[in-house]
Structure formats: structure tokens, C-alpha cells
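# Remarks on the overall topology
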Amino acid sequence: GQQVMQIPQYQHVQEGEDFTTYCNSSTTLSNIQWYKQRPGGHPVFLIQLVKSGEVKKQKRLTFQFGEAKKNSSLHITATQTTDVGTYFCKSGAGSYQLTFGKGTKLSVIP
Amino acid sequence: NAGVTQTPKFQVLKTGQSMTLQCAQDMNHEYMSWYRQDPGMGLRLIHYSVGAGITDQGEVPNGYNVSRSTTEDFPLRLLSAAPSQTSVYFCASSPQPDSNTGELFFGEGSRLTVL
């Protein structure tokens, strides 16, 4: 499977601040998926991006897929304590070996 | 609809013991997989299956066996547990054989400690 690098590994923000995590690949991805894992929980699917330059929004969350389909980002506007958790990206690229990034752990200080 | 069910939720083993982590899904998904999650390492694929009777190795298969005799079940076997296998294990399934596009549905996880 294709390797994806995710940065940063950790992010601490004050409640109300914005947050962004990035997922990068050295090769072109067929699609990218994003998952959220709450502390002590299991990963839950958030969204999938397929098209070059695609932008999708879910309330305060904005997901982007790069024009070259080699990178993606998840941006949260005005974080809340409910946003706490680890965010993972997952690549899809012609293989059943589905590769996850190492995740960005978000802490929100009230 | 139960989704993906994993048992047990917690298990403590001694080095050298064997055990099986159970995974069952009731969504008729063709694709099933096992991941382990360790601090700072993300989710690493152990084994996966694209249908009954078919299994293949993932990124970290050593020390683990799997089988897929039915669409619903995908057990993970540790034949001789080692402390390095202390981890949280997740089973996940997907509705599409070409799971590049299918979202993964995860079980709640099994926390394994090997002493």
C-alpha cells in the first residue's frame, strides 16, 4: 500500500482556535479518507475525497484534496472540546493493503 | 444492526500462551481486516481478507494467523503470545471487495496485554 505521512503528530489548541492536520504522499492517491478516533474509542469514518482539488465541508470541518492528489488536509474552525481525539487519513491506491497515516492527536484546552 | 463485534474487549496473557480474538460482522461485507494500534504508530494492518476462503498478509503479519471460513467471521489467532504483541487490536470491514473506495467500519477494539 501507499505510504502517507501525517503531520503534526500532536496539536494542543485553546478552545476556539483553529486546527489543521495534513496528510502527504510521494505518489498520486486514488482517494483519501479521514477518520476520527475519540479517546478510548475506535476509528470512525468522516469523509472520502476522490477528485483533484476537491473540497468538502461538514459543519466546522473542511477537507481538501490537493490538485496533484498527493496531499490532503483537514481543517477545524473554532475548535470545541468535542473535537478532541486523533484524526487519521487513509490512502486508497489500487491495493487492498489500506494504509493509515500515524494520526494527529488533538487536545483542546477549555 | 450490530455492525462489527469484537471479543474479548480485554485480555491478559502470559508469554507463550495462545488465544483467538474474535471478529464478526452482520453487514455482509466481503472485506475484513485486522489492525493493531500502538502509541505513536498509528494503525498497522496485520492481515486482511477479500472474501470467504481468501486471506493475505498486511504490514505486520508475523506471529498472527487468520482464517475466513464464512463471510461473517474473521478470527485472529496468536499461537505463542509475546510481550511485543501487547496492543489494541481492531477488526474492520468494508462493503466493497475493492476496498480502495469503501469506508471501513471498525469494531470497538480488543486490548491485549502479554506479560
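The following refers to the structure shown. It should be emphasised that the depicted structure is a prediction, and the values quoted were computed from it without experimental measurement.

With that settled, the discussion passes to the overall build of chain B. Counting its regular elements, chain B contains zero helices and 11 strands. In sequence order, chain B lays out its α and β elements as β-β-β-β-β-β-β-β-β-β-β. Here chain B has a C-alpha radius of gyration of 13 Å; the compact-globule value for 115 residues is 13 Å, and the two agree. Its C-alpha atoms give chain B principal-axis dimensions of roughly 40 × 30 × 25 Å. Restricting the contact set of chain B to residue pairs at least 6 apart, pairs at least 24 apart contribute 53%. Accessible surface for chain B amounts to roughly 5100 Å². Of this, 50% is attributable to carbon and sulfur atoms. On chain B, the mean spot of the 7 positive side-chain charges and the mean spot of the 10 negative ones are 14 Å from each other.

Residue position: L43(B) is located in strand β5 (residues 42–51). On the basis of relative accessible area, L43(B) is assigned to the buried category, the value being 3%. When the C-alpha positions of L43(B) and Y89(B) are compared, they lie 9.1 Å apart, and in sequence the two are 46 residues distant. Sequence-distant contacts of L43(B), that is, excluding residues within four places in its chain, are made with P43(A), F88(A), F100(A), Y35(B), R36(B), Q37(B) and F90(B).

Residue and element names in this part refer to chain A. Tracing the backbone through its elements, the reader meets K36 in strand β4 (residues 31–37). Buried and without a salt bridge, K36 has D83 as its closest oppositely charged side chain, separated by 4.7 Å. In terms of polar contacts, K36 uses its side chain to reach the backbone carbonyl oxygen of T82, at 2.7 Å. Look past the residues within four positions of K36 in its chain and what remains in contact with it is H42, P43, V44, L46, T82, D83, V84, T86 and Y87.

What counts as what
- Every chain's residues receive numbers from 1 upward, in the order its sequence appears when written.
- For naming, the first written chain is A and the first written ligand is 1, with later ones following in the order written.
- This being a predicted model, a pLDDT of at least 70 is required before a residue's local features are given, and a value of 80 or more before pairs of side-chain atoms are given or counted; all residues contribute to the totals for chains, interfaces and linings.
- The basis for every side-chain value is the complete set of non-hydrogen atoms in the structure, without hydrogens or water.
- Put simply, DSSP marks the helices as runs of H or I at least four residues long and the strands as runs of E at least two long, and each gets a number from the N terminus on.
- As a reference, a globule follows 2.2 Å times the number of residues to the power 0.38, and the radius of gyration itself is taken over C-alpha atoms.
- Residues are treated as being in contact if the distance between any of their heavy atoms lies within 4.5 Å.
- Only the protein chains shown count as cover for residues, with accessible areas throughout obtained via the Shrake-Rupley method and a probe of 1.4 Å.
- Only four residue types enter the charge count: Lys and Arg as positive, Asp and Glu as negative, with His and the chain ends excluded.
- Working definition for charges: the position is that of NZ of Lys, CZ of Arg, CG of Asp or CD of Glu.
- A 1.4 Å probe rolled over the protein chains alone gives each residue an accessible area, and that area as a share of the maximum for its type sets the label: buried under 20%, exposed over 50%, partly exposed in between.
- Between Lys or Arg on one side and Asp or Glu on the other, a salt bridge is scored when a side-chain nitrogen of the former is within 4 Å of a carboxyl oxygen of the latter.
- Whenever a nitrogen or oxygen atom comes within 3.5 Å of another N or O atom, the pair is scored as a polar contact, on the condition that within protein one atom can donate a hydrogen and the other can accept it, and that pairs from neighbouring residues in sequence are kept only if both atoms are in side chains.

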